[in-house]
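Coordinates in review
Here is how the chains run, residue by residue.
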Amino acid sequence: MRVAVGITAVVLGAGSALARPRASEAEAAAALEAAINGPWRSAENRARDRYRHPKETLLFFGFRPDMTVVEILPAQGWYTEILAPALKDRGRYIAAIANPAASPQAAKARDEFVARFSDPATFGHIGITRFGPGVMDTIAAPGSVDLVVTFRALHGLIGRGLADEAFRAFYTVLKPGGFLGIEQHRQREDRPNLPGPLQGGYVKESQVIALAQKAGFRLVARSEINANPKDTADWPDGVWTLPPTLALGEKDRDKYLAIGESDRMTLLFQKPAS
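Residues numbered from 1 in each chain as written. Predicted model: local features only at pLDDT ≥ 70, side-chain atom pairs only at ≥ 80, totals over all residues. Heavy atoms only, no water.

**Structural notes on the packing of aromatic side chains**
Two aromatic rings are characterised by how far apart their centres lie and by the angle between their planes. The final tally for this structure, using the stated rule, is 11 aromatic pairs. For the pair Trp78 and Tyr79, a centre-to-centre distance of 5.0 Å together with 70° between the ring planes defines the contact as edge-to-face. The exposure classification of Trp78 matches that of Tyr79, with both residues buried. Consider the rings of Tyr79 and Phe151, whose centres lie 3.8 Å apart with planes at 10°: the pair is stacked. On the criterion of sequence distance, the pair formed by Tyr79 in the loop between strand E2 (68-72) and helix H5 (80-87) and Phe151 in strand E5 (residues 145-151) is long-range, its members being 72 residues apart. Take Tyr79 and Phe151: they sit in the same class, and that class is buried. (Phe/Tyr/Trp six-rings, centres within 6.5 Å; stacked < 30°, edge-to-face > 60°. Buried < 20%, exposed > 50% of the residue type's maximum accessible area, 1.4 Å probe, protein only. Helix = DSSP H or I, 4+ residues; strand = E, 2+ residues; numbered from the N terminus.)

**Some points on unusual backbone geometry**
Cis geometry marks the peptide bond from Pro243 to Pro244, where omega comes out at 10°. Tracing the sequence through the fold places Pro244 in the loop between strand E8 (218-223) and helix H11 (253-259). Positioned with a positive phi, Asp252 is a non-glycine residue whose angle comes to about 55°. With respect to the helices and strands, Asp252 occurs in the loop between E8 and H11. On the basis of relative accessible area, Asp252 is assigned to the partly exposed category, the value being 40%.

**Re the environment of Pro236**
Within the fold, Pro236 resides in the loop between E8 and H11. When its relative accessible area of 60% is taken as the criterion, Pro236 is described as exposed. Apart from the residues lying within four places of it in its own chain, the contact partners of Pro236 are Thr241, Leu248 and Tyr256. (Contact = heavy atoms within 4.5 Å.)

**Observations regarding the pattern of salt bridges**
Throughout the structure, instances matching the rule amount to 23 salt bridges. A salt bridge links Lys175 to Asp146; the nearest nitrogen and oxygen atoms lie 3.0 Å apart. Of this pair, Lys175 sits in strand E6 (residues 174-187) while Asp146 sits in strand E5; the two residues are 29 residues apart in sequence, bridging distant segments of the chain. A relative accessible area of 9% means that Asp146 is categorised as buried. In this structure, the salt-bridge partner of Arg186 is Glu205, at a minimum N-O distance of 2.7 Å. With Arg186 in strand E6 and Glu205 in helix H10 (residues 205-215), the pair connects residues that are 19 residues apart, well separated along the chain. Look at Arg186 and you get buried, because its relative accessible area is 11%. Connected through shared salt-bridge partners, Arg22, Glu27, Asp66, Arg90, Asp146 and Lys175 make up one network. (Salt bridge = Lys/Arg side-chain N within 4 Å of Asp/Glu carboxyl O.)

**Focus: the layout of surface pockets**
Reported here for the largest pocket is a volume of approximately 1,200 Å³. Mapped by element, the contributors of at least two residues to the lining of the largest pocket are helix H2 (43-46), E2, strand E3 (92-98), helix H6 (104-116) and helix H8 (154-159). (1 Å grid on protein atoms, 1.4 Å probe; cavity = no way out; pocket = protein on both sides within 12 Å on 5 of 7 lines; lining within 4 Å. Points joined across faces, edges and corners; volume = space filled by probe spheres on them.)

**A short note on the pairing of E3**
Counting buried residues along E3, five of its seven residues qualify, which places the element largely inside the surrounding structure. As defined by bridge partners, E2 adjoins E3 across five bridges and the pair is classed as parallel. Across the sheet, residue Thr68 finds its bridge partner in E3, namely Arg92. Two elements, E3 and strand E4 (residues 126-131), share five bridges in a ladder whose sense is parallel. Paired with Ile94 across the strands is Gly127, a residue of E4. (Pairing = 2+ DSSP bridges.)

**A look at the environment of Ser118**
Assignment of secondary structure puts Ser118 in the loop between H6 and helix H7 (120-123). Residue Ser118 is classed as partly exposed on the basis of its relative accessible area, which comes to 25%. Within the structure, the side chain of Ser118 is placed 3.0 Å from the backbone oxygen of Ala115, a separation counted as a polar contact. (Polar contact = N/O pair within 3.5 Å; in protein donor to acceptor, adjacent residues only side chain to side chain.)

**Looking at the side chain of Asn45**
Along the chain, Asn45 falls in helix H2. For Asn45, the residues in contact, after removing those within four places along its chain, are Trp78, Glu81 and Arg116.

**A few points about H5**
Counted residue by residue, H5 has eight buried out of eight residues, so it is predominantly covered. Considered for burial, the residues of H5 that qualify are Thr80, Glu81, Ile82, Leu83, Ala84, Pro85, Ala86 and Leu87.

**Describing H6**
The end-to-end C-alpha distance of H6, which contains 13 residues, comes to 18 Å, matching closely the 18 Å that a straight helix rising 1.5 Å per residue would cover. Considered for burial, the residues of H6 that qualify are Ala106, Arg110, Phe113 and Val114. Down the axis of H6, the sector holding all buried residues measures 100°, keeping them to one side. Facing away from the buried side of H6, by more than 90 degrees, are the exposed residues Pro104, Gln105, Lys108 and Ala115. (Expected span 1.5 Å × (residues − 1). Arc of directions from axis to C-beta.)

See below:
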């Protein structure tokens, strides 16, 4: 496997660090603030902070800068820009990227991600692992991860019939007592899902909770950090009608910009400690 400078492949089965006091919430907040305000973040990405509330979301998930954190399908790395720098000195960030063996497009996306985050002075030594059918349980060593996070990816896993396998993998790699943080476009419980396997990008909280509980997780908390009551979740092109995609182009553009990004559930689950 070709690996860029500053980015390392995960060594499965590696020993754990010596026990030490965990970082405090104040330390976590400081590390996140420094990363969120880092000069490496583009103006375009910064503009989304008001919709995505990265500091508040990650603190809700229990993030600490000395954790091992796996992000599922980080895409272009919006959260990588925050998580990797916040973890580089005391923790570890692992990007579980779409399996590059699956398609030329996936291989190209992996190479672009590696190139983008190859500066160890800024991002530390990022772990790169594969995520896809049949390899999900290799994203990290079993029982080695403190926190798994996934942002707006569950509709794709559900649509491809991979959700059960994914949640089992999340459970396997987490330490006993470890956490799973989920942010996902939210469909209202009192209406049918939008048509099509991707459900227009929207998922009901009850669907997500059922998937997690089936895998053995317990629901710890819900947050409205990323709620948007203006989003009615019934748009002609699904969630992609809204920014940042604006799938309808100039048609009703001002209307959709005024609504803002999607209404999102923010859920925290835990793997039982015993």
